[in-house]
Amino acid sequence: MQETELHDLSDDADYAASQLQGSASMMRSDSISKQSSSSDSDGAEIVYSKDNVTIHPTQFASERIGGRLKLIKQGSSLFMSWIPYKGQSSNARVSEKDRNLYTIRAVPFTEVRSIRRHTPALGWQYIIVVLSSGLAFPPLYFYNGGVKEFLATIKQHVFIVRSSEDANAFLVNDFQNPLQRTLSSLELPRAVSVAIEPSTSFSAGESPSNENQQRIDGGFHNESSSISQYNAKQRQKVHDPRDLSIQVLEKFSLVTKFARETTSQLFREGHGNGYGAIERRNHDQSSFDYPERVSSVKENVPDEIPVPSDPLEVDKLTLVWGKPRQPPLGSEEWVTFLDSEGRIVDSKALRKRVFYGGVEHGLRKEVWALLLGYHSYDSTYAEREYLRSIKKSEYETIKIQWQSISPEQAKRFTKFRERKGLIEKDVVRTDRSFSFYDGDDNTNVNLLRDILLTYSFYNFDLGYCQGMSDLLSPILFVMEDESESFWCFVALMERLGPNFNRDQNGMHSQLFALCKLVELLDSPLHNYFKQNDCLNYFFCFRWILIQFKREFEYEKTMRLWEVLWTHYLSEHLHLYVCVAILKRYRKKIMGEQMDFDTLLKFINELSGRIDLDSILRDAEALCICAGENGAACIPPGTPPSLPVDGLLLYTQQDDVL
């Protein structure tokens, strides 16, 4: 298929119809644009404008918020905005704060992943705009039609193609395969400004009057100002990848129950593994079983609210509740695991020892390479040394691929420029308070950049996604060698790479499994989450994505990782760690009646306050208690399961020529 055919939406009946249906409105928009652009120094032009586009924060009609949806063109960039009307008597229950919360001002389409169109049998047609972060704006209902024209206008200005998997989903700027980027893509350079910056996405609304012309012109200059600020700041923005999840989710926590449910539904859709269908069915059965709850934090909570007992507490005396932790594995003990040529005599015994105590820092360079699978347990000293020399040469070959790109070639290599820019922004914000990466012109920061750039060429399908620098940072600190760090990182990404897939299936599987484990191990807590719209478990997102790196001090993070990498009791011990943390704070969560917003804030504030040894003991006990039933809760292939030979982690769909 030629590229022009990918651009073409003429096979879409909606698009064809829109050419006739939208012509009058387009002429009106063109007229408005000319008036506006003639008085606007930035040259912004309104190419689409639609009134009576409405957001439904809840199912109550009295709380719906009407507004105007616009598409604004400036230079080669297209922006979308939605500004709520003011002073509508029918919306007396909706506060000005609510209106401001939902305002969408000047969102560039570089930050949009896809647009999903819904045409229910009864009711109004609506769209859901999904950001590169994987999160979504609340549904936009078109009371007077206009979805066809909206999509047709976008098609005229940006690359948009219908998804091959869902005829109602349109992928935006998807020049490669939709599976190649991440959740956020956590390639969130673009999405962060939409999702977390109050100055753009959640700024105050305009002040429209009853006349359409006044309403459009009234808000246009504010939007143009936002566009100008976006363009001016775009090159200066530097986002800490460790903060992405917390910032996005904190902003996400401001969205009401109805919008969260819609986003949760999107998060579940599109996965054909059967588990999504089960959860979707359960969700549909319980969607409005519970009364509408106010999401704001209640300050006056009763001191004592009855909390259902922990079902495992009853049987605790009959359980071996987590064996005591041991001192880290030291040099003298380490040699007892080796034969005369350096082979590991009993790999299970070694993994068990590391599981219960971790490793002294001086030994981590050797042990981590084994735990990650870079070196095999039955390799000799000589074989490991030979592999290092071979892999160093291979690494240099891959590295030269991007080092040899000339400035002229880079001008014509958009993907390289994008990834290089992301990496350079991220590495200067990664663990800079840690002495190994502290200071200006730090050589270790440069090594982080070089390794990540090389990885983006080694695994071009996945490329680079924000959050990867956090996973590489401790590895480079331990290995203290560029090539060795790269190959250990490659081995780790074989397990965790699906966390960053654009289809979100890796994260979806883990959050689904976590939900089922809580249901198995603490049904009262599970029911509490169900009643409080928390079954999406987005508040655990950061834990899983970067393996608790933000939750513990640097040394404790390394100790936790080596315990997880042993796969001694389970490949998915990290999920039991999540359950253990939730159970440890279950009384506070349930006793204080935390809703999603409060729970998300509480979970984020646990960073640095969790006792690692206690949690590991609890996680071990929970894993043993769950047994085969726990393993059955986890879908096959859920990360960090090692990939099956012959299967690709990052599926590509070749264009049909």
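The present account deals with the structure reproduced in this document. Everything numeric here is computed off the predicted structure, so don't read it as measured data.

### A few points about the environment of Tyr 377
Piece 1. Take Tyr 377: it is sitting in the loop between helix 13 (361–371) and helix 14 (381–403).
Piece 2. Taking the relative accessible area as the measure of exposure, Tyr 377 reaches 21% and is therefore partly exposed.
Piece 3. The spatial distance from the C-alpha of Tyr 377 to the C-alpha of Lys 348 is 10.0 Å, given a sequence separation of 29 residues.
Piece 4. Residue contacts for Tyr 377: discarding those within four places in its chain leaves Arg 343, Ile 344, Ser 347, Leu 350, Arg 351, Leu 370 and Leu 371.

### Observations concerning the pairing of strand 3 (residues 77–84)
Piece 1. Burial of strand 3 is extensive: seven of the eight residues sit out of reach of the surface.
Piece 2. Looking at chain direction, strand 2 (residues 65–74) and strand 3 are connected through eight bridges and run antiparallel. In the strand pairing of strand 3, Lys 73 is matched with Leu 78.
Piece 3. Remark: two residues form the turn of the hairpin made by strand 2 and strand 3, two consecutive strands paired antiparallel; Gly 75 in that turn has positive phi of roughly 60°.
Piece 4. As judged from the three bridges shared by strand 3 and strand 4 (residues 104–108), these two strands associate in the antiparallel manner. In the sheet register, Phe 79 faces strand 4, and the bridge partner there is Pro 108.

### Brief notes about the packing of aromatic side chains
Piece 1. Here the structure, examined in full by the defined rule, presents 31 aromatic pairs.
Piece 2. On the numbers, 6.5 Å between centres and 65° between planes, the contact of Phe 539 with Phe 596 is edge-to-face. A residue pair is termed long-range when its members are at least 10 positions apart, and Phe 539 in the loop between helix 21 (523–531) and helix 22 (541–545) and Phe 596 in helix 26 (residues 596–604) qualify at 57 residues. Grouping residues by exposure puts Phe 539 and Phe 596 together as buried.
Piece 3. Put simply, the rings of Tyr 395, Tyr 455, Tyr 458, Phe 486, Trp 487 and Phe 489 pair up and form one aromatic cluster.
Piece 4. The residue whose ring lies beneath Arg 325 is Phe 355, and the NZ or CZ to ring-centre distance is 5.8 Å.

### Observations concerning the packing of helix 16 (residues 414–427) against helix 17 (residues 443–458)
Piece 1. It is the contact of helix 16 with helix 17, at a shortest axis distance of 9 Å, that shows an interaxial angle of 150°. Considering the angle they form, helix 16 stands roughly antiparallel to helix 17. Helix-helix and strand crossings are classified by hand; for helix 16 and helix 17 the assignment is right-handed. Residue-level inspection shows Phe 416, Arg 419, Lys 420, Ile 423, Glu 424 and Val 427 of helix 16 in contact with helix 17, the latter providing Val 445, Leu 448, Arg 449, Leu 452, Leu 453, Ser 456 and Phe 457.

### Quick look at the pattern of salt bridges
Piece 1. One pass over the full model with this rule turns up 26 salt bridges.
Piece 2. Here Asp 51 makes a salt bridge to Arg 68, at a shortest N to O gap of 2.9 Å. Here Asp 51 is found in strand 1 (residues 45–55), whereas its partner Arg 68 is found in strand 2, with 17 residues between them in sequence.
Piece 3. Within the structure, one salt-bridge network assembled from shared partners comprises Lys 399, Arg 449, Asp 450 and Glu 482.

### Regarding the side chain of His 375
Piece 1. Checked against the element boundaries, His 375 lands in the loop between helix 13 and helix 14.
Piece 2. Contacts of His 375, omitting those with residues within four sequence positions, involve Ala 369, Leu 370, Arg 384, Leu 387, Arg 388 and Glu 484.

### Topic: the nonpolar core
Piece 1. One finds Met 468, Phe 529, Tyr 537, Phe 539 and Leu 582 to be the most contacted residues of the largest nonpolar core, which totals 117 residues.
Piece 2. Look past the residues within four positions of Tyr 537 in its chain and what remains in contact with it is Leu 511, Leu 514, Cys 515, Val 518, Phe 529 and Leu 582.

### What about unusual backbone geometry?
Piece 1. The omega torsion of the bond from Pro 639 to Pro 640 falls at 10°, within 30 degrees of zero and hence cis.
Piece 2. Its location among the elements puts Pro 640 in the segment after helix 27 (612–632).
Piece 3. The phi dihedral of Asp 441 falls on the positive side, at around 50°, and the residue is not glycine.
Piece 4. You can see Asp 441 is positioned in the loop between helix 16 and helix 17.
Piece 5. One non-glycine residue with positive phi stands out, namely His 567, at about 50°.
Piece 6. Judged by relative accessible area, which is 17%, His 567 ranks as buried.

### What to know about the sheet that holds strand 8 (residues 160–162)
Piece 1. The strand order across the open sheet built from nine strands is 4-3-2-1-7-6-5-9-8, with neighbouring strands paired in antiparallel fashion. Two strands in the sheet have a free side with no partner beyond their single neighbour: strand 4 and strand 8. Across the sheet, the mean angle separating the axes of adjacent strands is 30° when strand polarity is ignored.
Piece 2. Relative to the sheet, helix 5 (residues 147–155) contacts strand 1, strand 2, strand 3, strand 5 (112–118), strand 6 (126–131), strand 7 (140–142), strand 8 and strand 9 (169–172), its axis offset from that of strand 5 by approximately 155°.

Cut-offs and rules
Residues numbered from 1 in each chain as written. Predicted model: local features only at pLDDT ≥ 70, side-chain atom pairs only at ≥ 80, totals over all residues. Heavy atoms only, no water. Helix = DSSP H or I, 4+ residues; strand = E, 2+ residues; numbered from the N terminus. Buried < 20%, exposed > 50% of the residue type's maximum accessible area, 1.4 Å probe, protein only. Contact = heavy atoms within 4.5 Å. Pairing = 2+ DSSP bridges. Phe/Tyr/Trp six-rings, centres within 6.5 Å; stacked < 30°, edge-to-face > 60°. Lys NZ or Arg CZ within 6 Å of the ring centre and 35° of its normal. Axes fitted to C-alpha atoms, helices over the stretch in contact; angles between N-to-C directions. Parallel < 35°, antiparallel > 145°, perpendicular 65-115°, else oblique. Left-handed = near helix turned anticlockwise from the far one by under 90°. Salt bridge = Lys/Arg side-chain N within 4 Å of Asp/Glu carboxyl O. Core = buried A, V, L, I, M, F, W, Y, C linked by side-chain atoms within 4.5 Å.

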